[in-house]
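# Topology and contacts: notes
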Amino acid sequence: MKLKVCVIGGAGYIGSHTVYELIRDGHEVVIIDNLSTGSRDFIHKDAKFYFGDITNKQELKNIFNIECSVKPFDVVMHFAAKLIVPESVSIPLEYYYNNVEGVRIMLEVMKDFNIKNVVFSSTAAVYGEAINPICSENDPTIPINPYGETKLASEKLIKWVCQRYDMNYCIFRYFNVAGAIDTLEIGLNKDNLTHIIPITVQTALGIRDEMTIFGNDYDTPDGTCIRDYIHVSDLADAHVLGAKYLVKNNKSLLVNLGSNKGYSVLEIIKEVEKFYPVNYKIGKRRAGDPAKLIASNDKAKEILGWLPKRNLEQIIKSDIEYRKKLNNLK
Ligand code: UFG
């Protein structure tokens, strides 16, 4: 099955890895990206690229006009969201505008062009403070930060629109994503990194002098927050499976993408310290952080046949190799 896929946000971290995986699997890819956090260097040479912003309906319509007059998209994938939890607490209006209004406009244009399938990047942040040790898709969704709220609002919007206009959605709730493609061509490369694995690796490699653990007084065994980590290429694989599922089955699904395992911030540091020492200090809690988030991936396995192939050590090694390459370190 060869699909024509529109990847909105395909020049960003997760979007670009998904584009690489789609192309490797033989699909035709059209990328739309405003390059606000993405980069031209991340655009696969075999993908078609349009500079465009999904909060600009006319711009989006123009691109769909050109592309769909040749061959309509089988699937649209959405990665064009702002996703930094503490940033969402400080600029909630921008988060709602970009994340929710962007999705609304995308859906409107999809409806106008009669495009039936959407794959949407949601987040574990929709669960808020998880009530079960391992979250399953039916757990209550009570976000505790604006980022999670915007993703939950988008999920609901997508569900209602798909119901009304006979469309299908594949909503993925991601847990903490890290690592880089095996060839190291692309990876997470931004100036102001905020995520724990790249920050710990940068500290280990001497790119940063030190790092801070944001709080060690949480209700967890070592007092630091627990998260579920997943390799970006495993996530990209899931998106390809999700797109094929929609086209083949003509029905919707919502699944977690996680590993069934959690690691605390201190455990991440200890894992990196298997390779290099890490200079860290304990600081105050960061706004918007839940104590613990771990995903059950049983549903992804059952419906899509998906399981993560890489464990924490492989994720960390992958991030180390990528950062060494970026910084010309041996
Ligand atoms: N942390 C530190 N020090 C740092 C950076 C992070 O202690 O320098 C801690 C955070 O406080 C948190 C944990 O490491 O407890 C993980 O933080 P990240 O910033 O790496 O990731 P988040 O859990 O905040 O959020 C990420 C994505 C979201 C996604 C969420 C799902 O950014 O998009 O995982 O679990 F929703």
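This structure is a prediction, so every number in the text was calculated from the model and none was measured.

### A few points about the domain arrangement of the protein
Domain parsing of the protein yields domain 1 (4-178 + 229-256) and domain 2 (196-227 + 260-326). The gap between the C-alpha centroids of domain 1 and domain 2 is 24 Å. Opposite the 35 residues of domain 1 that make contact, domain 2 presents 29 residues. A combined buried area of about 2800 Å² lies between domain 1 and domain 2, and 65% of that area is made up of carbon and sulfur atoms. Its largest share of buried area at the contact with domain 2, domain 1 owes to Tyr229, His231 and Asp234, together 26% of the area lost on that side. The tally of links from domain 1 across to domain 2 stands at 2 salt bridges. Here Asp234 makes a salt bridge to Arg310, at a shortest N to O gap of 2.6 Å.

### Concerning the site of the ligand
Around the ligand sit 21 residues, and of these Thr123, Asn176, His195, Arg227 and Asp289 come closest. Within the backbone of Leu83, a nitrogen or oxygen atom sits 3.3 Å from an oxygen atom of the ligand. Between the ligand and Phe214 there is a distance of 2.8 Å, counted from an oxygen atom to a backbone nitrogen or oxygen. Look at the ligand: alone it shows 690 Å² of surface, and the protein chains cover 94% of it. The set of elements that each furnish at least two residues to the shell around the ligand consists of α6 (196-204) and β8 (211-214). In terms of residue count, the dominant contributor to the shell around the ligand is β8 (3 residues).

### Some remarks on the pairing of strand β5 (residues 117-123)
Burial of β5 is extensive: 7 of the 7 residues sit out of reach of the surface. Across 3 bridges, the pairing between strand β4 (residues 75-78) and β5 is parallel. Across the sheet, His78 pairs through a bridge with Phe120, a residue of β5. Pairing of β5 with strand β6 (residues 168-174) involves 7 bridges; the strand directions are parallel. Pairing of Ser122 across the sheet is with Arg173, part of β6. You can see the chain leave β5, run along helix α5 (residues 146-164) and come back into β6, and the turn it takes is right-handed.

### Observations regarding the side chain of Asp139
With respect to the helices, strands and loops of the structure, Asp139 is situated in the loop between β5 and α5. Side-chain polar atoms of Asp139 contact the side chain of Asn132, separated by 3.0 Å. Every residue in contact with Asp139, bar those within four places of it in the chain, is listed here: Tyr127, Asn132 and Ile134.

### Quick notes on the packing of aromatic side chains
Inspection of every chain in the model, using the stated rule, returns 3 aromatic pairs. Centre to centre, the rings of Phe64 and Phe73 are 5.0 Å apart; their planes meet at 75°, and the pair counts as edge-to-face. The residues Phe64 and Phe73 share a single accessibility class, namely buried. Seen in terms of ring centroids, Tyr127 and Phe175 are 6.4 Å apart; in terms of plane orientation they differ by 35°. Their pairing is tilted. Taken together, the positions of Tyr127 in the loop between β5 and α5 and Phe175 in the loop between β6 and β7 (176-178) put the pair 48 residues apart, joining distant regions of the chain. Across the pair, exposure class does not vary: Tyr127 and Phe175 are buried alike. Taken together, the ring pairs in this structure connect Phe64, Phe73 and Phe113 into an aromatic cluster.

### As for helix α1 (residues 13-24)
Compared with the 16 Å implied by 1.5 Å per residue over 12 residues, the 17 Å span of α1 between its first and last C-alpha is a close match. Counting buried residues in α1 gives 11 out of 12 residues, a clear majority hidden from the surface. Considered for burial, the residues of α1 that qualify are Tyr13, Ile14, Gly15, Ser16, His17, Thr18, Val19, Tyr20, Glu21, Leu22 and Ile23. At the C-terminal side of α1, Gly26 shows a positive phi close to 95°.

### Focus on the sheet that holds strand β1 (residues 4-8)
Read across the open sheet, the 7 strands follow the order β3-β2-β1-β4-β5-β6-β11; overall the sheet is parallel. Where the open sheet ends on each side, the last strands, each with one partner, are β3 (48-51) and β11 (253-257). Each adjacent strand pair in this sheet contributes to an overall mean axis angle of 20°, direction not counted. Bridging between β6 and β11 involves 5 bridges; their strand directions are parallel. Looking at the pairing, Phe172 lines up with Val255 of β11. Of the strands in this sheet, β1, β2 (28-33), β3 and β4 touch helix α2 (residues 57-70), which is tilted by about 155° from β3. Relative to β6, helix α7 (residues 232-249) is tilted by about 160°, and along the sheet it contacts β4, β5, β6 and β11.

About the criteria used
Residues numbered from 1 in each chain as written. Predicted model: local features only at pLDDT ≥ 70, side-chain atom pairs only at ≥ 80, totals over all residues. Heavy atoms only, no water. Domains from an automatic or database assignment. Contact = heavy atoms within 4.5 Å. Buried area = accessible area lost by both parts, 1.4 Å probe. Salt bridge = Lys/Arg side-chain N within 4 Å of Asp/Glu carboxyl O. Near = heavy atom within 4 Å. Polar contact = N/O pair within 3.5 Å; in protein donor to acceptor, adjacent residues only side chain to side chain. Areas by Shrake-Rupley, 256 points an atom, 1.4 Å probe, with all protein chains shown as cover. Helix = DSSP H or I, 4+ residues; strand = E, 2+ residues; numbered from the N terminus. Buried < 20%, exposed > 50% of the residue type's maximum accessible area, 1.4 Å probe, protein only. Pairing = 2+ DSSP bridges. Right-handed = clockwise from strand over helix to strand, strands pointing away. Phe/Tyr/Trp six-rings, centres within 6.5 Å; stacked < 30°, edge-to-face > 60°. Expected span 1.5 Å × (residues − 1). Axes fitted to C-alpha atoms, helices over the stretch in contact; angles between N-to-C directions.

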